[in-house]
Structures are given as C-alpha cells and as structure tokens.
Amino acid sequence: MQRAAKAKTPRRPGQKKPSNIEKDPVGVYCRIRPLGAEDEECCVEMISSATIQLHAPDGLKANRNGEFKETQYSFKKVFGINTNQIELFEDVAKPLIEDLIHCKNGLLFTYGVTGSGKTFTMTGSPGEGGLLPRSLDILFNTIGPFQAKRFVFKPDEKNGMEIQGQVDALLERQKRDSQQSVPKTPSSRQKADPEFADMISSEEARKFENVDEDCCYSVFVSYIEIYNNYIYDLLEDAQFDPIRPKWLGGGTPVRNNEFIAPQSKILREDQNHNMYVAGCTEVEVKSTEEAFEVFWKGQKKRRIANTELNRESSRSHSVFTVKLAQAPLDADGDHILQDKNQVNVSQLCLVDLAGSERTSRTRAEGSRLREAGNINQSLMTLRTCMEVLRENQICGTNKMVPYRDSKVTHLFKNYFDGEGKVRMIVCVNPKADDYDETMLVLRFAEVTQEVEVARPIDRPICGLAAGRRHRNRAFKDELSSRLDERGDPNNAVDDPALLKQLMESLPSLPNFELVDPADDQSLPRLIEILERRHRVRQMMAQQYDQTANTLKSMFQQFDGQINAKETFLHAQRCKLSEKEKVILSQKTELERLEKKSKTLEYKVDILQKTTDMYEQDKRSLRQELETRDQRLQRELTDRKRMEQRMQGMVTDTKFKWEKECERRVNAKQLEMQNKLWVKDEKLKQLKAIVTESSGVGVFPTERPEKPERPSRERDHNVGQMRSASPSPLHGNVFKTRGGGQAVQFTDIETLKHECPTASSRKRGSGSGDGAAHMEDIENRAPMASTSSGFGYQKRRKP
C-alpha cells in the first residue's frame, strides 16, 4: 500500500512584467579615501576618471614569489582622494532625489572594507556634509512652499498612505499639541543640532526648478538597523520599566532612566509585492533641521564599537528611508483631492553597510566575533544574489535568487526584481594592509555592474489642468486687493455728523416770509445774510487751508524727522546686523573651536592612553630585557666556571695519563729487559753446556756465578751478543692465566760430543750420575719457560 503524498502549498505567482521593459545596469561608483600617513604603502592607483589599478604590495610579492600582476577595474566614475562631498553628491545622489520627486524609487548604498570611509561618505562631518544631509536639504528646498499641513497624509501601517480631511488633520494636531509627554517637533526652521548646524553652508544649497506645483507633498522618514540579522527600529521610544535596565544601541545598560530593550521587527510584503518593515516608526518632518534631529536621534542608538582596524566601526547595517507622499490639488487648486488612488508614494533608501573584516586582523572575540560573522555572512549573501542575477540575465536561466538568506537582501528584493534605480558607492582604502579585502570588494563591484534593473517609468498623477495652484493664488491676490480698495478712507462716504457740525458753525438764517412780490426789503436782507455766510465760509476755508498747510508742513517736518530717524534706525540696524553677523560668526567659530577642542581633548585622551600603554609596554619590555640580561650574565658566569673546571679536569687527566703512560712504558721496557735477560741466561747456560761438552769431559766443581740483574748497559751488550749469535732459538710467547708470559720453543737442537778417551778413562762413583746428567743435557729439548719476575724455570722430560 502506497503512502499518500503530502499536499504542498501552491506557490503564489509573482507579479507579471512585460517582456519589452527597458533596463539599466546598476550604477557603481568608486571613491578612494586618503591614506592615514604619507609614508604608508599604497596599493591602489587612479588611472583615469573611470579606471583604477590594483597592484600587490612589496611584502606580499616577496611572500608569494612575486606571482601577482597589476589588475585594472572600471567603474561609472572614480572619485579620487581630492574629491569633496558636493562633487560626489552632484553625480551620485542628486539624480535620485529628482527621481524621488517624480514618483520614482531609488536605492543608494555604500560598500567596502572596514575603515574605508563609508559612514563619512553617507553622513559626513561638520563642514563636510555627506550624501544624506545634502539629499534632505535639496528635497526641502524644492518642495518647501508646496508642503501639506501635518497629518493630512497618514501612514496606514501597510506601506501605504491615507488622506485625511482638514478637520481630522486639525483634530490630530490639537491632540498632539495637548499631549505633554510627546515633544513637539518644530515646523519651521530653527537652530539645528551642533553636529549638523554647519554641515551645509548657504552657498552649497541646491534646489530643483521643475517641480509640479499642482501637488501637495509630505515627507516621512524612518531609520532602522540590521544587527546580527535582526531588524531594530532606531526611532522607537522604549517604554519605561523600573526593573529592567535601559539598553542603548550598543546593548549597554545605563542607570537612572531605565527602559525595556527594543524588540526586533519582521519583514512583510504589501499588496504591490514590495517588502517593508512591519511596525516601523515613520516620522513626518517639515524641514531639513527636523529631519536632522530625527536622524541624530536614531544615530545615537546605532551600534558601533572599537576594533583593531577602526576606532568607530559600525557593527550593523543602517537603512535611512525617505518616503515622499504627494497628491494633486482639486480643480479649484485650493484643497487636496480626497482620493486615495491618486496618492503617489515614492521612497529613497540610503544604506550604510557595515564593512567586511577578517577576524585574524581585528582579533575579535565574544560578541564582536559573532557580529563580524553575521556581517560577513550578510555581505556574502549579497554577493551571491548579485552573481545569480547576473547569471540569469546573461545566460537566460531561471535560478532562484537566495534573497531570504539575509535580511538585507530580503528587504531590497523589490529594487532588483521591480522598478527603481540602484546605485552603489564602493569605498576603497588604498593602504597595502587591506590588499586582499580590497581585491574581493572590487571583484564584487565588477560583477554588480553587469546586473540590470528595470528602468522606472513616469506615472502621471491625474488628468486635471495644470496651473491650478497659480490661478488660485492669483484669484486670492485680486480678491484681497479689491477688499483693500473698498476699505480706503479717501473713497468712503462723508460722515453726516461731521456735516452737521460744520453747518452749525455757519451764521444762522433768520425767519422770514416773502408775501408780496414787490417786497424790496426781504430779498436784499436775504442776499446780505447769504453774502455774510459766504464770507464766513471763505474765511473758514482760508483758515482751514492755513491750518491744513500748517498741518501739512508739520507732517512734512515730521515725515522728514521720521525719515531721518528711519535712516538712522536703518543704519543702526545695519550696524546691528553686522554686529549680529560678527557675533554669529564668532559663535560659529567658538562652537567650531569648542568642537575642535573636544576633538583634540578626545585625541589627547586617546594619545595619553596610547602613551600609557606604550610606557607600560616599555617598562615590561625593559624589565624583561633586564631579566634576560641577568640570566645571560648568569649563564656566561656558569659557562666560564664550567670552562675553568673542564680545563682543570683536562689538565689533571692529561697529567694523570702522562704519568700512567710513562709508568706503562717503563713497565713494558722492564718486562722486555727481563725477557732479554732470561734469554741471555739461557744462552749462557747453553753455552756453558756446550763448552763443558767440548772440553775434557770433566765438569768443573765450581758453582756457576749467580746471575746478575740485568741493567741497561748489559742489556745493550747482551743484545749485541745475541744479534751476533750464529744460531738463534725459535719459539712462541703467549700469556698465562696467572698474568705472566710463557715461551714455547719450536726448534730442537741436539748436541753430540765424542770423547776418544771415554773407554780408557775410569770414572768414579759419581761418573754414572755425570753421564746420566750429560745424557740428560744432550737429549733435552728447550721447553716452555715461564718468566715470573727475575727468575726462570726448567722442565725435564719424564
């Protein structure tokens, strides 16, 4: 019976794209940082504005038999050591900001070994603002007059934007202002943080002119870091906890303000198949200074550490996202069009990747070793994804790209698979110690240049007529001018109370009636009264004119005085502004000097610590040197003593052996002399026997003389006699068990003696013994003779 196969979840089909879409290669730029010291060996040379040359250092050539060749690498553009930040921004980041305003996404990241200047390129320093602050500055300079009010655009927590009405936005602002615990974010330009106050000067400010004025814009920023392959929100405010400690970016607990450690975030996919960080804090900002303040808030939490290669080494990948939401105005050009489908959201990600490093050089241990392993693993995954994308595009294969192996590649998957412009800045440290790591970085950059991404297309916002905002502004200006004209006192209607007061000041008319046409008194009287009133009116008019002229002259005098005062005030204001400029410049200089002083104090502290370390090492080395000198002196003393002892032993041994040799030579000479003396004695005996045998046959009765002890003179004479003997004896000499020596004769000599008178001569009683003795002598053979001391011994036949 077969086992039923387990059902698999069907794979969701990806977003289909047209096959004829245009693509552009990834723009790869190279920036070379200056050397730390002038006498330091360099392994990178700039050949042209688009080519560099990498050559192996001399030490590496010597260690590896000089097999290395010079290698050239080409980029879209190469920035040398004299390139400033504004030139780099103009060529790399400025086009991405322009695309962001025109609803196109962008990705810019820095890549290189540790200590190659990636963070400096992205962030910069006082006086030399990096790509991030310059991008924010040009963005707000361009869209500043066209920004919507706060809370008109609101994130929907699903990587989208919603539009709120004016009433809802006003309620949100009032609610935010009423919360005392939430600090107010400045909506206008105010004094920025000292770290960013002088990053960008007014002369370096830039803006785009081709911005769509019929739209309202709003900027949202977020700041995250990827640490040990976990995503953390750097703008998230940790909740208060009286038990747990506060955890900063480096994971160090701080007393007195204790908070809960931040929780990691997860990645999700929106309805357009774009990846985003769920639950990430998005802050709406209205100015460059406000964006700087938000960035600096997150930068303080970022994880950095001191290693052997870099004093402030980034231990995580940081991603600063600038999200621009824009929506068109209605047909009247007065309010935002309340249609969510007309809202366009574009974003620019500025990524500062942590540098690759070798633990053999950084000597990392513990948490630093784990951080380095995760950094290298994520960068290796990025290289693998680029290689697979390149292979799929060149060879036409459909291999799966391992985006999910790392959070970095998974987050930016849609940039390589979807639409957007991708640019990479390869930061290179030209010192010879980083040759191997630099070679790997340049190889990866070479592969990345061959990867193509889809070219972003222009997306029209709506079909309404252009120039709506301008017409609405012109209408409002005309309306205000009309209202001002209507409220002008010169064209206003005369006041009745003022006319009544003026009529009462004239002479009153008498009461009369004209009854008869022939009445000649009433009419002349009326004419006289009217003439009198006319004269009074003329007098009043003259008086009024005089008073008006007086007042006019007074007004002119006052105007002259006021003009003089205003001129004086203007001059004083000019002087005051100059003084304020001087004070501001002095304050700026003072802040710069304070920063420089702090920097120098910090460097002095570092140098002091380094000096203390060197002094401690010097003392330890000196102590070790003294110990070794003492040990060496003791060894030399022991050696001299041993040499003297050995010389004494050699002298004693030599003297002893000389005595022993002399003794042995004397003993040998004496032994040989004894042997010669024994032989001489034997010869004498034989000679005596022969002499007796050749005589009358009568043995002498005298006893032979006692042999004398041999001496050197006699030995010499005996030797001469023995050498002159006609018949020497032959024999062998061998050692005996008792330590002596024995002689065994090999020749037998028979002596015969014939006596003619032997028969007639009568011998006495002892003649028989004498004959027997003679016979014994004649028949005797020379046998072995043992020499012992000074005597000898004879053996007879049985």
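Small disclaimer: the values here were computed from a predicted structure and weren't measured.

A. Layout of the pattern of salt bridges. If you walk through the whole model with that rule in mind, you get 22 salt bridges. Note that Glu-90 and Arg-206 form a salt bridge whose closest N and O atoms lie 2.9 Å from each other. Residue Glu-90 is located in helix 2 (residues 85-101), and its partner Arg-206 is located in the loop between helix 6 (194-197) and strand 12 (215-227); the two are separated by 116 residues in the primary sequence. Accessibility expressed as a relative area gives 28% for Arg-206, which makes it partly exposed.

B. Expanded view of the side chain of Arg-31. Counting through the fold element by element, Arg-31 comes out in strand 2 (residues 27-32). One polar contact links Arg-31 to Thr-121, side chain to side chain, over a distance of 3.2 Å.

C. Looking closely at a nonpolar patch on the surface. Together, Leu-551, Met-554, Phe-555, Phe-558 and Ile-562 make up a nonpolar patch on the protein surface, roughly 440 Å² of accessible area in all. Tracing the chain through its elements places Ile-562 in helix 15 (residues 522-693). Assessed through its relative accessible area of 42%, Ile-562 is described here as partly exposed.

D. Representation of the packing of aromatic side chains in the model. Evaluated as defined, the whole model comprises 6 aromatic pairs. Pairing Tyr-223 with Phe-295 gives two aromatic rings, centres 5.2 Å apart and planes at 25°, and the pair type is stacked. Residue Tyr-223 is found in strand 12, and its partner Phe-295 is found in helix 7 (residues 288-299); the two are separated by 72 residues along the sequence. For the pair shown, Tyr-223 and Phe-295 are each scored as buried. Ring plane angle 90° and centroid distance 5.4 Å describe the contact between Phe-295 and Phe-320, whose orientation is recorded as edge-to-face. You can see Phe-295 sitting in helix 7 and its partner Phe-320 sitting in strand 21 (residues 317-328), a full 25 residues away along the chain.

E. Local environment of helix 9 (residues 367-395). The terminal C-alpha atoms of helix 9, which comprises 29 residues, lie 42 Å apart, in line with the 42 Å expected from a rise of 1.5 Å per residue. Where helix 9 terminates, the next one or two residues include Gly-396, which has phi positive at roughly 75°.

F. Broad picture of the nonpolar core. Formed by 54 residues in total, the largest nonpolar core has its most connected members in Ile-52, Phe-75, Leu-107, Phe-412 and Phe-416. Among residues more than four places away in sequence, those in contact with Phe-412 are Leu-107, Val-319, Cys-349 and Val-351. Core analysis: the second largest hydrophobic core is formed by 42 residues, Phe-79, Ile-97, Tyr-223 and Leu-348 among them.

G. Representation of the packing of helix 9 against helix 12 (residues 435-448) in the model. Interaxial distance between helix 9 and helix 12 falls to 9 Å at its minimum, and their mutual angle equals 35°. Crossing geometry of helix 9 relative to helix 12 is assigned as left-handed. Residue-level inspection shows Leu-382, Arg-383, Met-386, Glu-387 and Arg-390 of helix 9 in contact with helix 12, the latter providing Phe-444, Val-447 and Thr-448. The class makeup of the residues in the contact of helix 9 with helix 12 is 4 nonpolar, 1 polar and 3 charged.

H. Just helix 5 (residues 166-178), in detail. Here helix 5 contains 13 residues, and its C-alpha end-to-end distance of 18 Å stays within 8% of the 18 Å for a straight helix at 1.5 Å per residue. Looking at helix 5, one finds that the buried residues are Ala-169, Arg-173 and Arg-176. Considered in projection along helix 5, the buried side chains sweep an arc of 65° and stay on one side of the axis. Turned more than 90 degrees off the buried face of helix 5, the exposed positions are Val-167 and Lys-175.

I. Highlighting the environment of Pro-456. Along the chain, the position of Pro-456 falls in the loop between strand 24 (452-454) and helix 13 (468-486). Taking the C-alpha atoms as reference, Pro-456 lies 6.3 Å from Lys-104; in sequence the two are 352 residues apart. In this structure Pro-456 touches Lys-104, Glu-419 and Gly-420, once residues within four positions along its chain are discounted.

J. Region of interest: the pairing of strand 4 (residues 51-54). Of the two faces of strand 4, the one carrying Thr-51 and Gln-53 and the one carrying Ile-52 and Leu-54 are both buried. The pairing of strand 3 (residues 44-48) with strand 4 spans 4 bridges and is classified as antiparallel. Note that in strand 4 the partner of Met-46 across the bridge is Ile-52. Where strand 3 folds back on strand 4, the antiparallel hairpin that results is connected by 2 residues. Note that strand 4 and strand 5 (residues 71-74) share 4 bridges and pair antiparallel. Note that in strand 5 the partner of Gln-53 across the bridge is Gln-72.

K. Expanded view of the environment of Pro-328. Counting through the fold element by element, Pro-328 comes out in strand 21. Overall, the relative accessible area of 1% leaves Pro-328 in the buried class. Spatially, the C-alpha atom of Pro-328 lies 7.7 Å from that of Val-343, the residues being 15 residues apart in sequence.

Parameters at a glance
- Residues numbered from 1 in each chain as written.
- Predicted model: local features only at pLDDT ≥ 70, side-chain atom pairs only at ≥ 80, totals over all residues.
- Heavy atoms only, no water.
- Salt bridge = Lys/Arg side-chain N within 4 Å of Asp/Glu carboxyl O.
- Helix = DSSP H or I, 4+ residues; strand = E, 2+ residues; numbered from the N terminus.
- Buried < 20%, exposed > 50% of the residue type's maximum accessible area, 1.4 Å probe, protein only.
- Polar contact = N/O pair within 3.5 Å; in protein donor to acceptor, adjacent residues only side chain to side chain.
- Patch = residues over 30% accessible without salt bridge, like charges linked within 9 Å, V, L, I, M, F, W, Y side chains within 5 Å.
- Areas by Shrake-Rupley, 256 points an atom, 1.4 Å probe, with all protein chains shown as cover.
- Phe/Tyr/Trp six-rings, centres within 6.5 Å; stacked < 30°, edge-to-face > 60°.
- Expected span 1.5 Å × (residues − 1).
- Core = buried A, V, L, I, M, F, W, Y, C linked by side-chain atoms within 4.5 Å.
- Contact = heavy atoms within 4.5 Å.
- Axes fitted to C-alpha atoms, helices over the stretch in contact; angles between N-to-C directions.
- Left-handed = near helix turned anticlockwise from the far one by under 90°.
- Nonpolar A, V, L, I, M, F, W, Y, C, P; charged D, E, K, R; others polar.
- Arc of directions from axis to C-beta.
- Pairing = 2+ DSSP bridges.

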